[in-house]
Amino acid sequence: MRTICLTIAMLALMALRADAAIVDWQAELQRCRSLRQNVAPLLQAGEGISAVGRSSKSVRRCIWIQRMAVRKKIPGAEVW
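Being a predicted model, the structure only gives us computed values, none of them experimental.

*Asks:* I'd like a description of the packing of helix 2 (residues 25-44) against helix 4 (residues 57-71), backed by residues and values.
*Replies:* The axes of two packed helices give the description: the angle between them and the distance between them. Axis separation between helix 2 and helix 4 bottoms out at 10 Å; the angle between their running directions is 130°. Between helix 2 and helix 4, the crossing angle belongs to the class labelled oblique. Along this stretch, helix 2 crosses helix 4, giving a crossing that reads as left-handed. Of helix 4, the residues touching helix 2 (which contributes Trp 25, Glu 28, Leu 29, Arg 31, Cys 32, Leu 35, Arg 36 and Val 39) are Ser 58, Val 59, Arg 61, Cys 62, Ile 65, Gln 66, Met 68 and Ala 69. By residue class, the composition of the contact of helix 2 with helix 4 is ten nonpolar, two polar and four charged.

Set out below in C-alpha cells:
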C-alpha cells in the first residue's frame, strides 16, 4: 500500500515538472522583442548587453530564451 502511494506521488510530481518544462516559445520571444525595444536606448547610449543584463533579471532571461530558441531553431528566434 505504501509503495502504491509513493508511486502515485512520484508520478504526480513528474507530471507537474513536465508541464513546467514546456515553454511557449512564441510568447516568450514576443516578450523579449518588446523588452529589447525598451533596452535599445541603453545599448545605443554605449552600455554593453552584459552590463544591461547584469542589471535586470528579465534581460538575462531573454538572453537565455533567445539562445535556446536559436539552438532549437524556433521560428522567429534571432541572436541578440
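What follows picks up the thread again.
*Asks:* Mind laying out the state of the cysteines, listing which residues take part and the relevant values?
*Replies:* A complete count under the given rule lists one disulfide for this structure. Two residues share a disulfide in this structure: Cys 32 and Cys 62, whose sulfurs sit 2.3 Å from each other. Its S-S torsion of approximately -95° makes the covalent link between Cys 32 and Cys 62 left-handed. Of this pair, Cys 32 sits in helix 2 while Cys 62 sits in helix 4, and the two are 30 residues apart along the sequence.

*Asks:* So what about the environment of Val 23? Which residues, and what values?
*Replies:* Structurally, Val 23 is set in the loop between helix 1 (2-21) and helix 2. Remark: the alpha-carbon pair of Val 23 and Ile 65, spanning 42 residues in sequence, is separated by 9.4 Å. The contact partners of Val 23, leaving out residues within four places of it in the chain, are Glu 28 and Ile 65.

*Asks:* Go over unusual backbone geometry with me, naming the residues and quoting the values.
*Replies:* Phi is positive for Lys 73, which is not a glycine, with a value near 60°. Structurally, Lys 73 can be placed in the segment after helix 4.

*Asks:* Break down the nonpolar core for me, citing the residues and quoting the values.
*Replies:* Formed by Trp 25, Leu 29, Cys 32, Leu 35, Val 39, Val 59, Cys 62, Ile 63, Ile 65, Met 68, Ala 69 and Ile 74, the largest nonpolar core amounts to twelve residues. If you list the elements that add at least two residues to this core, you get helix 2 and helix 4. Here this core gets six residues from one element, more than from any other, and that element is helix 4. Apart from the residues lying within four places of it in its own chain, the contact partners of Trp 25 are Ile 65, Met 68, Ala 69, Lys 72 and Ile 74.

*Asks:* Tell me about the pattern of salt bridges, and please be specific about residues and values.
*Replies:* Overall, the coordinates contain two salt bridges when judged by the stated rule. Notably, a salt bridge pairs Arg 31 with Glu 28, separated by 2.9 Å at the nearest N-O pair. On the criterion of helical spacing, the pair formed by Arg 31 and Glu 28 is a turn pair, its members being three residues apart in helix 2. Classification of Arg 31 as partly exposed rests on a relative accessible area of 33%. With relative accessibility at 16%, the residue Glu 28 sits in the buried group. With a shortest N-O distance of 3.2 Å, Arg 61 and Glu 28 are connected by a salt bridge. Highlighted residues: Arg 61 in helix 4 and Glu 28 in helix 2, separated in sequence by 33 residues. Each of Glu 28, Arg 31 and Arg 61 takes part in one network of salt bridges that share partners.

Criteria and cut-off values
- Residues numbered from 1 in each chain as written.
- Predicted model: local features only at pLDDT ≥ 70, side-chain atom pairs only at ≥ 80, totals over all residues.
- Heavy atoms only, no water.
- Axes fitted to C-alpha atoms, helices over the stretch in contact; angles between N-to-C directions.
- Helix = DSSP H or I, 4+ residues; strand = E, 2+ residues; numbered from the N terminus.
- Parallel < 35°, antiparallel > 145°, perpendicular 65-115°, else oblique.
- Left-handed = near helix turned anticlockwise from the far one by under 90°.
- Contact = heavy atoms within 4.5 Å.
- Nonpolar A, V, L, I, M, F, W, Y, C, P; charged D, E, K, R; others polar.
- Disulfide = S-S within 2.5 Å.
- Core = buried A, V, L, I, M, F, W, Y, C linked by side-chain atoms within 4.5 Å.
- Buried < 20%, exposed > 50% of the residue type's maximum accessible area, 1.4 Å probe, protein only.
- Salt bridge = Lys/Arg side-chain N within 4 Å of Asp/Glu carboxyl O.

Such coordinate-based values are descriptive only and should not be taken to indicate function.
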